[in-house]
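Remarks on the overall topology
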Amino acid sequence: MRRVVVASVAGLPRQFWWLWTSTLINRLGAFVATFLALYLTVERGYSASYAGLVGALYGLGGVVSSVVAGVATDRLGRRPTMLIAQLTTAGSVALLGFMTDPVAIAAVACVVGMASNGSRPAVQAMMADIVAPEDRVRAFALNYWALNMGFAISSSLAGLLAQYGYLLLFLGESALVLACAVVVFVKLPESRPGERTSESSTAQEPVRRVSMATVVRDGRFMTVVGLNLLLALLFQQAYVSLPVTMGLAGFTSSDFGLVIAVNGVLIVLLQIPVTRFIEHRSPAALLIGSALLTGYGFGLTAFAGSVALFAVAVAVWTLGEIINSPTQMGLVVRLSPTHGRGRYQGMYSLSWSVAALAAPLLGGTVIDRYGPAALWAGCAVVGTVAAAGYGLLLRRMNAEERAQAAAERAAAPAHAPAPVTDAAGAAPRTGSAA
């Protein structure tokens, strides 16, 4: 285990570790989103429907900021976008703790949703900038591990702080987000590539401009976004439909807490060794396998009749999550042009924000009309569709890259050396076409 850990963290640049540290600090303070519904219903005495409305506005803010922050990441830079988002988050979260009027609470919650999601495209783009291509899957896995470690700690800490007043949650998150901004300001220089540079060692040609329209017209990338939306809709059911299903079956909130804790524990324990195992394996096989594990893991919930069986179902889809997250991020960066990473990451983040908005509505509607078993069977179908989509997409991409490599070899002069290819036989791509 020591060798696996050392091999997993070795060779990454120091700037990555400061970015990783800022991610961990930021996630350690993720109190408000987790306990917002309880705060509104228990502390403030509002209805569940009002709490749902505020949660939807929070999610809507994330939808808007995914696109806006993606554009800002490319135009202003990674560092300024992160600082703006983090400072706005710190101020709006603290302000939310003092709001008493229901309209004001809803409005500020929407701003908090926008600000707290605004740094995500910049963080992911900076990570792609500073980490070598061969290390990106490992880097994204470590960052995902930090997110889950921080969430596990913050959830426990928030429960303790709430006993002394919910205002401590708001002020505590504000303070930790400010600490994260200090790390970014002091330790993270701007990483946005220059206007005439790219990842290619020989490319000094002008870089084509990338707009949001360019992203939308990129069929391969938008296919990835659509497939991720399908899986994100499944993952969101863990926090919406799973507790409802367990409640209808007579289980308590503590039973649900025990079951969902399996997800966090397994990610913390397995993310690093599993990533080490899958790091250089076929992305197609990993994405197909992770989609099937996710879909069938949620599908197993239909057969669960005890806490142990619910926990087994969670363990299955958690393994799919562990495999999918770093592999998917590697594919997103692979399809993103260097000077459009912010916009591409913003569109990818948008799929998660849309899922957070749509999943509660879809899950609740299906359970009310057809019952929980129909919902979980549908999850298995969605996972199968996503797996088939990944298989077709990756096969097409590999065929195109092999054809491109063959064309370049045929066009090369007879005395010129053959172009270097990777393990899959695909020639490395350069410039904005990467």
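Scoring rules and cut-offs
Residues numbered from 1 in each chain as written. Predicted model: local features only at pLDDT ≥ 70, side-chain atom pairs only at ≥ 80, totals over all residues. Heavy atoms only, no water. Core = buried A, V, L, I, M, F, W, Y, C linked by side-chain atoms within 4.5 Å. Buried < 20%, exposed > 50% of the residue type's maximum accessible area, 1.4 Å probe, protein only. Helix = DSSP H or I, 4+ residues; strand = E, 2+ residues; numbered from the N terminus. Patch = residues over 30% accessible without salt bridge, like charges linked within 9 Å, V, L, I, M, F, W, Y side chains within 5 Å. Areas by Shrake-Rupley, 256 points an atom, 1.4 Å probe, with all protein chains shown as cover. Salt bridge = Lys/Arg side-chain N within 4 Å of Asp/Glu carboxyl O. Phe/Tyr/Trp six-rings, centres within 6.5 Å; stacked < 30°, edge-to-face > 60°. Expected span 1.5 Å × (residues − 1). Bend = angle between axes of the 7 residues up to and from the residue. Contact = heavy atoms within 4.5 Å. Axes fitted to C-alpha atoms, helices over the stretch in contact; angles between N-to-C directions. Parallel < 35°, antiparallel > 145°, perpendicular 65-115°, else oblique. Left-handed = near helix turned anticlockwise from the far one by under 90°.

1. Overview of the nonpolar core
- The biggest cluster of nonpolar side chains holds 69 residues, and the ones touching the most others in it are Phe16, Leu19, Met127, Phe221, Leu242 and Phe298.
- No other element matches helix H11 (residues 219–248), which puts 10 residues into this core.
- Residues Val32, Ala51, Val112 and Leu169 belong to the second largest nonpolar core, which totals 23 residues.

2. Considerations on a nonpolar patch on the surface
- On the surface, Leu60, Val64, Val68 and Met114 cluster together into a nonpolar patch covering about 310 Å² of accessible area.
- When residues in the nonpolar patch are grouped by element, the largest group, three residues, is from helix H4 (residues 48–75).
- Considering the arrangement of structural elements, one finds Met114 in helix H6 (residues 102–117).
- For Met114, a relative accessible area of 32% gives the class partly exposed.

3. Some thoughts on the packing of aromatic side chains
- Tallied over the entire structure, the rule returns 13 aromatic pairs.
- Judged by centre distance (5.6 Å) and plane angle (55 degrees), the rings of Tyr39 and Tyr166 are tilted. One end of the pair, Tyr39, is in helix H3 (residues 32–43); the other, Tyr166, is in the loop between helix H8 (136–162) and helix H9 (167–187), and 127 residues separate them in sequence. Each member of the pair, Tyr39 as well as Tyr166, carries the same accessibility label: buried.
- By the ring-pair criterion, three or more aromatic residues cluster together here, those being Phe235, Phe298, Trp317, Trp352 and Trp376.

4. Considerations on helix H14 (residues 307–335)
- Relative to the 42 Å expected for 29 residues at 1.5 Å per residue, H14 spans 41 Å between its end C-alpha atoms, a close match to the ideal helical length.
- At Asn324, H14 shows its maximal kink, close to 30 degrees; a proline, Pro326, follows between one and four residues later.

5. Notes on the side chain of Gln86
- With respect to the helices and strands, the residue Gln86 is situated in helix H5 (residues 78–96).
- Residue contacts for Gln86: discarding those within four places in its chain leaves Ser119, Val177, Cys180, Ala181 and Val184.

6. A look at the packing of H5 against H9
- One way to put it is that H5 packs onto H9 with a least axis distance of 8 Å and a crossing angle of 165 degrees. If you check the angle between H5 and H9, you find them roughly antiparallel. Viewed along their axes, H5 and H9 form a crossing whose handedness is left-handed. Residues Arg79, Met82, Leu83, Gln86, Leu87, Thr89, Ala90, Val93, Ala94 and Leu96 of H5 form the contact with H9, whose own contacting residues are Phe170, Leu171, Glu173, Ser174, Val177, Leu178, Cys180, Ala181, Val184 and Phe185.

7. Comments concerning the pattern of salt bridges
- The full count for this structure, using the stated rule, is five salt bridges.
- In this structure, Asp74 engages Arg78 in a salt bridge whose closest nitrogen and oxygen atoms are separated by 3.4 Å. Of the two residues, Asp74 and Arg78, neither departs from the other in class, the shared state being buried.
- Note that Arg341 and Asp129 form a salt bridge whose closest N and O atoms lie 2.6 Å from each other.

None of the figures reported here should be taken as evidence of function without further support.
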